[in-house]
Amino acid sequence: MIINEIEVNSLVTKTQVPAADYVINPYIGCPHKCIYCYAEFMKRFTHHHEDWGNFLDVKRCTRKLNAKKYAGSRVVLSTVTDAYNPFEKKYGITREILKAFIDSDAQLSILTKSDLVLRDLDILRRLRHAEVGISLNAVDDEWRKQTESGASALAKRVDVLRVLKEEGIPCHVFVSPIFPGITDFKAIIETCAPYTNEFHFENLNLRGAFRARVLDFISRYNSALLPLYEGIYKYKDKSFWENQEKEILDFCKKRKLKCISYFYHEKIKKPR
Ligand code: SF4
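Analysis parameters
Residues numbered from 1 in each chain as written. Predicted model: local features only at pLDDT ≥ 70, side-chain atom pairs only at ≥ 80, totals over all residues. Heavy atoms only, no water. Buried < 20%, exposed > 50% of the residue type's maximum accessible area, 1.4 Å probe, protein only. Helix = DSSP H or I, 4+ residues; strand = E, 2+ residues; numbered from the N terminus. Right-handed = clockwise from strand over helix to strand, strands pointing away. Pairing = 2+ DSSP bridges. Axes fitted to C-alpha atoms, helices over the stretch in contact; angles between N-to-C directions. Near = heavy atom within 4 Å. Nonpolar A, V, L, I, M, F, W, Y, C, P; charged D, E, K, R; others polar. Polar contact = N/O pair within 3.5 Å; in protein donor to acceptor, adjacent residues only side chain to side chain. Contact = heavy atoms within 4.5 Å. Arc of directions from axis to C-beta. Core = buried A, V, L, I, M, F, W, Y, C linked by side-chain atoms within 4.5 Å. 1 Å grid on protein atoms, 1.4 Å probe; cavity = no way out; pocket = protein on both sides within 12 Å on 5 of 7 lines; lining within 4 Å. Points joined across faces, edges and corners; volume = space filled by probe spheres on them.

Chemist: Break down the pairing of strand 9 (residues 171-178) for me, citing the residues and quoting the values.
Modeler: For strand 9, the buried fraction is high: 8 of the 8 residues fall into the buried class. Read as a crossover between parallel neighbours, the route from strand 9 over helix 7 (residues 185-192) to strand 10 (residues 198-203) is right-handed.

Chemist: Describe the sheet that holds strand 6 (residues 74-77), listing the residues and the values that go with them.
Modeler: With mixed pairing, the 8 strands of this open sheet are ordered in space as 2-3-6-7-8-9-10-11. If you trace the sheet from one side to the other, it starts and ends with strand 2 (12-14) and strand 11 (258-261), each paired once. The sheet shows a mean angle of 25° between the axes of neighbouring strands, taken without regard to direction. With 4 bridges joining them, strand 10 and strand 11 adopt parallel strand pairing. Paired with E198 across the strands is K258, a residue of strand 11.

Chemist: Lay out the site of the ligand in plain terms, naming residues and giving numbers.
Modeler: Around the ligand sit C30, H32, K33, C34, C37, W52, V80, T81, D82 and K113, and those are all the residues in its vicinity. For the shell around the ligand, the residue count by class is 5 nonpolar, 2 polar and 3 charged.

Chemist: Would you mind going over the side chain of H32 in detail, with residue names and values included?
Modeler: Topologically, H32 is positioned in the loop between strand 4 (27-28) and helix 1 (42-46). A residue is classified by how much of its surface remains accessible, and H32, at 2% relative accessible area, is buried. Only 3.3 Å separates the side chain of H32 from the side chain of D82, close enough to count as a polar contact. Apart from the residues lying within four places of it in its own chain, the contact partners of H32 are D82, Y84, N85, P86, K113, S114, E148, S149, G150 and A151.

Chemist: Requested: an account of unusual backbone geometry, with residues and values cited.
Modeler: Following L77, the chain continues to S78 via a peptide bond in cis, the omega torsion being 10°. Of note, S78 is situated in the loop between strand 6 and helix 2 (88-91). That bond from S176 to P177 is cis: its omega, -15°, falls within 30 degrees of zero. Here P177 is to be found in strand 9. The backbone of K33 shows a phi angle near 60°, a positive value even though the residue is not glycine. Among the structural elements, K33 can be located in the loop between strand 4 and helix 1. Unusually for a residue other than glycine, K236 sits at a positive phi of about 55°. The residue K236 is located in the loop between helix 9 (226-233) and helix 10 (239-254) in this model.

Chemist: Summarise the sheet that holds strand 4; cite the residues concerned and give the values.
Modeler: Overall, mixed pairing links the 3 strands, which are arranged 1-5-4 in an open sheet. Strands with a single pairing partner mark the edges of an open sheet, and in this sheet they are strand 1 (2-8) and strand 4. In terms of strand pairing, strand 1 meets strand 5 (residues 55-61) through 7 bridges, oriented parallel. Directly across from V8, in strand 5, lies its bridge partner C61.

Chemist: Describe helix 7, naming the residues involved and giving the relevant values.
Modeler: Turning to helix 7, its buried residues number three or more, namely F185, I188, I189 and C192. Take helix 7 and look down its axis: the buried residues cluster within an arc of 100°, on one side only. Packing partners of the buried residues in helix 7 comprise strand 8 (130-136), helix 6 (154-167), strand 9, strand 10 and helix 10.

Chemist: An account of the pairing of strand 7 (residues 107-112) is requested, with residue identities and associated values reported.
Modeler: Note: strand 6 against strand 7, 4 bridges, orientation parallel. When the bridges of strand 7 are listed, V75 appears paired with L108. Sheet analysis places strand 7 next to strand 8, joined by 5 bridges and oriented parallel. Following the sheet pairing, T112 is matched in strand 8 by I134.

Chemist: Please set out the nonpolar core residue by residue, giving values where relevant.
Modeler: Judged by nonpolar contacts, the single largest core of 84 residues is most densely connected at L98, F101, L124, L127, F201 and L204. Considering every element that reaches this core, the biggest residue donor is helix 6, with 6 residues. Residue contacts for L127: discarding those within four places in its chain leaves L98, F101, I102 and L108.

Chemist: Which residues make up the layout of surface pockets, and what values do they have?
Modeler: If you add up the space inside the second largest pocket, you get close to 320 Å³. In this structure, the second largest pocket is lined by 14 residues; those nearest its centre are N205, I232, Y233, K236 and W241. Split by residue class, the lining of the second largest pocket holds 6 nonpolar, 2 polar and 6 charged.

So this is what it looks like as structure tokens:
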């Protein structure tokens, strides 16, 4: 792992990301090393040549973060890294950011695959408008070990939801990315529904350099799924995702769950 500390003028960036006004990425790179990580494109902009997951730039901000000025805005932490990657334990950049939001009326939305977020319960309790999203796309930890080797075990992530619920801190599950023929959204809902009634869903997009890597992985993981993946990603058959989205929305409606679909990234369905 190659680690550099770098100086930046600001940690907060205006964004076009759906449902967000600003994003904060305290690190460049991500040791969680998900095989499907779209954030690998960051290498191009940051002159990194190492494999994704093998480097981490730790951002030291030269200015004090004035979180009050983001009142009423939705600030997402993070989009191209995980703010609670294992090195956060040592550097504490995310913890300092959270502290800056204690007196802010910004809507702070934390999204992570790590149980390290529980370290900051003392601050989370004091934030006025914070919510935590726990991202997962399976309940089988063997799958997690092969696809998200650096992230927390799935049982630990579910345990984070349990603790957040006990603490009264708003939380949701981000079922992402949904792998065709693999992600069992009903099993995820059944596992997590005791702790939250809000679920967000995102389908697997294969637009970046990771496309070949993911398809190669699928061919080794379960070659019987290859025709399905080729249909979706090579021949652009949209029917799988249309059916999947409908099934998800119907299931959530029946279970009276709050559900947001980020399918295709084209339109966002309002909570229902
Ligand atoms: S946790 Fe997010 S940013 Fe980190 S490797 Fe996985 S998908 Fe990429």
